[in-house]
Every structure is written in structure tokens, then in C-alpha cells.
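Architecture and fold: a report
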Amino acid sequence: MAHALAEQVLHGAAVPQRRAIAKSITLLESTRPDHRAQGDQLLTQLLPHTGNSFRLGISGVPGVGKSTFIEALGLFLIGQGHRVAVLTIDPSSSVSGGSILGDKTRMEQLSVHEKAYIRPSPSGGTLGGVAEKTREAMLVCEAAGYDVVIVETVGVGQSETAVAGMTDMFVLMQLPNAGDDLQAIKKGVMELADLVVINKADLDADAATRAQAQITSALRLLTQQGRDRGRWQPQVLQLSALKAVGVDAFWATVCRFRELQSADGRLPARRRQQALAWMWERIEAGLKQAFRQDPAVRDLLPELTGAVEAGRLPASTAARRLLGAFRPDGAVAAGGGAAGPET
Ligand code: GDP
């Protein structure tokens, strides 16, 4: 089945291909061990055909204008001959079952366009699990020939780090007046940004210009200590998503970033590093899950946690004894699926 699906994703005509993408992503989102095995097979078949897109991460607080902007950008890119996939990571749907990104139809024109593919956030599981599913959905879209993949998230929780960790470029959207630049600096999100855009510049041009100057100087300080970006200095742009003003300048800046980072090998290096970091993150999640499911660990756990809580046993001793009792059997570690509900 995985083979037939992969064929359709890679070579199907428009409608069957779209169906095959949706089916593939649903298969990859499933936590059933047999689905997981088929999903692994599918991904392995698709992998040689992935990697040819530009992966753009976009984050910002609810209401900043992400969906308005992605709609304008997506339509602009399609006009330039691109195919655009939009995936979302909504941390609220994984924690509380609620959705900050909303169930209303977002991106009305883009969502019905034949050259766009939009997939809402997977729900359930931990942020790590949700991010894993999104990362895999991204690979499916790439194999199907979408050459710009946008991964969107909201500026709450840890999801920005996850998105910055799976994309080539991370863009932070800000409002001109909200002081959320301070919030972003405090949370360490600002230093993840390769580009900051100030949206709704049409509402108050002066405020937007002030915010642009403030954030520009904040970024200079932050990036002195931050990630090595070579010749790229993070920039700040103003735009109006609603009026589609500044979208072309935004894309020109993205292309300039891509050129510079490709020329000195930083882009492929970033992807290699991301893939390895991802592997280790998933190994840790899988081990933790297997550890908690291990019968000997389960037997010992109540007694030892009680002893640590009561101050009778040092935490490090309890940890050593629990690790000593842990007898991983391959089937649990591999079959449990790292995307499962690890706690
Ligand atoms: P999201 O929650 O970040 O996806 O934000 P939305 O795209 O849903 O936008 C929230 C509200 O802001 C909507 O009412 C939009 O029409 C409005 N909006 C978005 N971009 C702009 C803009 O550039 N200028 C103005 N004036 N309003 C905007």
C-alpha cells in the first residue's frame, strides 16, 4: 500500500495526487504501530525526492495577521509559478485540545487554489509528537513537488523553537504597537528570527517605523551572541498583509537570504544539523516512553518516587536504581512509536 501511495504522491495527476498527499499525511499522523511501519516505508520511498523546496517558518501572536499574510504571500508566489504548501503547528491543540489558530476557514482563496495545499495542525500528543508529524507532512509535500513549504505557528509555548528547527528561514511577525517585541526578546524567540516583519503598517505608519528602528537595534545586540549566520544580518521589514503591500519586498529579502546562505553552504549544513537533532530528539522521546512502559520500572517507581519525596533517598540514587532496572526490549522501543502519547 505504501508503494502505491508513494507512486501517486510522486507522479499522480492533480486530483489523485492531492488525495494521496492527504492519505499519506493521515497515515503518518496515526500512532497505530502497523500504520507507523507503513508510514516509515512510505517516507523512506519519498525521501530521495524531498529537499527541493524552500522551507519558511512563520510565527506571531494570534491576531498579528499570519493567515492574512500567508494568503497574500501564497497567491503572490503562485503568480510567480511556485506551488505552495502551508502546514501549521498549533500548540494549543496538543495541550488542551483547543485551537488558537481557529477552525474557521483561514486563507479562503489559497485553500481552494489548485497550486496550494493547506493542512491544519495535527492534534493530540506532545508538542514533540505534533512537530514530528508536521515535519513528515513537509517531506510528503516536497516529494509531491511543492517548492515553497510554509510552516506556521502561534507565538505561545515552545512551538517557535520547533518550527525554527525544521525550516530554512524563521520569520517573526510583530505588531507596530503591542510591545510584543519585548515579550519575544524575553522568551528568546527574537534571536531565532532570521527576519522580523512588522504587519499592519497601514494602521499607523509612525508606530511601524519606530518599531522597526527598535527591533533593528535589538536584533544587532542579540545576533552578536546568537547563531552564526555568516554574511546575513537579520532584517526588519514593514508590511500590510491586508493590503498586500510589501509582499514582493518580503519575498525579495527571502530570496537574498536563501542565496547568501546557499552560497556559503550554511543552508545544507542547517538541514543536516536539523535532521540529526531531530533524530536525537525522537530517540530521547522514544526511550522515555519505553522507560515509563517497562514493567520493572513501573513496579519500582511508586516506592522510589515516594522515598525521594519523603527525603529518604537521594534523587540521583533513585534515578540510578530505576535506570538499572530498565530492560528495554526492542519491540517496545520500536513499536511504541515516538509519536505516541509520551508523558
Ligand atoms: P492570525 O491570527 O495571526 O492568523 O491573524 P489574521 O490573519 O486572522 O488577522 C487578524 C485580523 O487582523 C483580521 O481581522 C485581519 O483582517 C486583520 N489584519 C491582518 N493583516 C492586517 C494588516 O496588514 N492591516 C490591517 N489593518 N489589518 C490586518
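Here the structure is shown first, and the text comes after it.
Attention in this report is confined to the structure presented alongside it. (Residues numbered from 1 in each chain as written. Predicted model: local features only at pLDDT ≥ 70, side-chain atom pairs only at ≥ 80, totals over all residues. Heavy atoms only, no water.)

Each helix and strand counted, the chain has 15 helices and seven strands in total. Taking the intrachain contacts of the chain between residues at least 6 apart in sequence as the baseline, contacts between residues at least 24 apart amount to 76%. Working note: accessible area of the chain is about 16200 Å², and carbon and sulfur atoms make up 56% of it. (Helix = DSSP H or I, 4+ residues; strand = E, 2+ residues; numbered from the N terminus. Contact = heavy atoms within 4.5 Å. Areas by Shrake-Rupley, 256 points an atom, 1.4 Å probe, with all protein chains shown as cover.)

As a further point, take the environment of Y117. Position of Y117 among the secondary structure elements: in strand β3 (residues 116-119). Linking Y117 and V86, residues 31 residues apart in sequence, is a C-alpha distance of 6.2 Å. When neighbours within four sequence positions are excluded, Y117 is seen to be in contact with R18, I21, A22, I25, V84, A85, V86, C141 and Y146.

Taken together, 17 residues surround the ligand, and among them G63, K66, T68, R106 and D202 come closest. G65 is positioned such that a nitrogen or oxygen atom in its backbone is 3.0 Å from an oxygen atom of the ligand. A distance of 3.1 Å separates a nitrogen atom of the ligand from a polar atom in the side chain of N199. A per-class count over the shell around the ligand returns six nonpolar, six polar and five charged. (Near = heavy atom within 4 Å. Polar contact = N/O pair within 3.5 Å; in protein donor to acceptor, adjacent residues only side chain to side chain. Nonpolar A, V, L, I, M, F, W, Y, C, P; charged D, E, K, R; others polar.)

This brings us to helix α3 (residues 33-46). With 14 residues, α3 extends 20 Å from end C-alpha to end C-alpha; this agrees with the ideal 20 Å at 1.5 Å per step. Within the sequence span of α3, burial applies to R36, G39, L42, L43 and L46. The arc that holds the buried residues of α3, viewed along the axis, is 120 degrees, so those residues lie on one side. Buried residues along α3 sit against α1 (2-11), α2 (14-29) and α7 (127-143). (Expected span 1.5 Å × (residues − 1). Buried < 20%, exposed > 50% of the residue type's maximum accessible area, 1.4 Å probe, protein only. Arc of directions from axis to C-beta.)

Attention now moves to the side chain of R55. As for its placement among the helices and strands, R55 is situated in strand β1 (residues 54-60). We classify R55 as buried; its relative accessible area is 7%. Excluding anything up to four places from it in sequence, R55 contacts M138, L139, E142, V149, M166, T167, D168, M169 and R271.

It is worth spelling out the packing of helix α11 (residues 247-263) against helix α12 (residues 266-293) at this point. The contact between α11 and α12 brings their axes to 5 Å, and the two run at 80 degrees. One finds that α11 runs roughly perpendicular with respect to α12. Residue-level inspection shows F257, R258, Q261 and S262 of α11 in contact with α12, the latter providing R266, L267 and R270. For the contact of α11 with α12, the per-class residue count stands at two nonpolar, two polar and three charged. (Axes fitted to C-alpha atoms, helices over the stretch in contact; angles between N-to-C directions. Parallel < 35°, antiparallel > 145°, perpendicular 65-115°, else oblique.)

This paragraph deals with the pattern of salt bridges. Tallied over the full model, the rule gives 13 salt bridges. For E29, the salt bridge is made with R119, and the minimal N-O distance between the two is 3.4 Å. You can see E29 sitting in helix α2 and its partner R119 sitting in strand β3, a full 90 residues away along the chain. Accessibility expressed as a relative area gives 22% for E29, which makes it partly exposed. Notably, a salt bridge pairs R36 with E136, separated by 3.2 Å at the nearest N-O pair. In this pair, R36 sits in helix α3 while E136 sits in helix α7, placing the two residues 100 residues apart along the sequence. For the pair formed by R36 and E136, the shared burial category is buried. The structure contains a network of salt bridges with shared partners spanning R36, D40 and E136. (Salt bridge = Lys/Arg side-chain N within 4 Å of Asp/Glu carboxyl O.)

So, about the layout of surface pockets. One number sums up the size of the second largest pocket: a volume of about 450 Å³. Taken together, 22 residues make up the lining of the second largest pocket; nearest its centre are A164, G165, R270, Q273 and Q274. Secondary structure elements with two or more residues in the lining of the second largest pocket: α7, α8 (159-164) and α12. Ranked by residue count, the leading element in the lining of the second largest pocket is α12, at eight residues. (1 Å grid on protein atoms, 1.4 Å probe; cavity = no way out; pocket = protein on both sides within 12 Å on 5 of 7 lines; lining within 4 Å. Points joined across faces, edges and corners; volume = space filled by probe spheres on them.)

The next subject is the environment of L110. Secondary-structure assignment places L110 in helix α6 (residues 108-111). Sequence separation between L110 and I70 is 40 residues, and the spatial gap between their C-alpha atoms is 8.6 Å. Among all residues touching L110, those that are not within four sequence positions of it are I70, E71, G74, L75, I78, V86, A116 and I118.

Turning our eyes to something else, we now look at empty space enclosed by the protein. One pass over the full model with this rule turns up two cavities of 30 Å³ or more. Reported here for the largest cavity is a volume of approximately 50 Å³. Lining the largest cavity are I25, E29, L87, T88, R119, P120, P122, K133, T134 and A137. Of all the secondary structure elements, the ones that give two or more residues to the lining of the largest cavity are α2, β2 (84-89) and α7. No other element matches α7, which puts three residues into the lining of the largest cavity. Of the residues belonging to the lining of the largest cavity, the class tally is five nonpolar, two polar and three charged.

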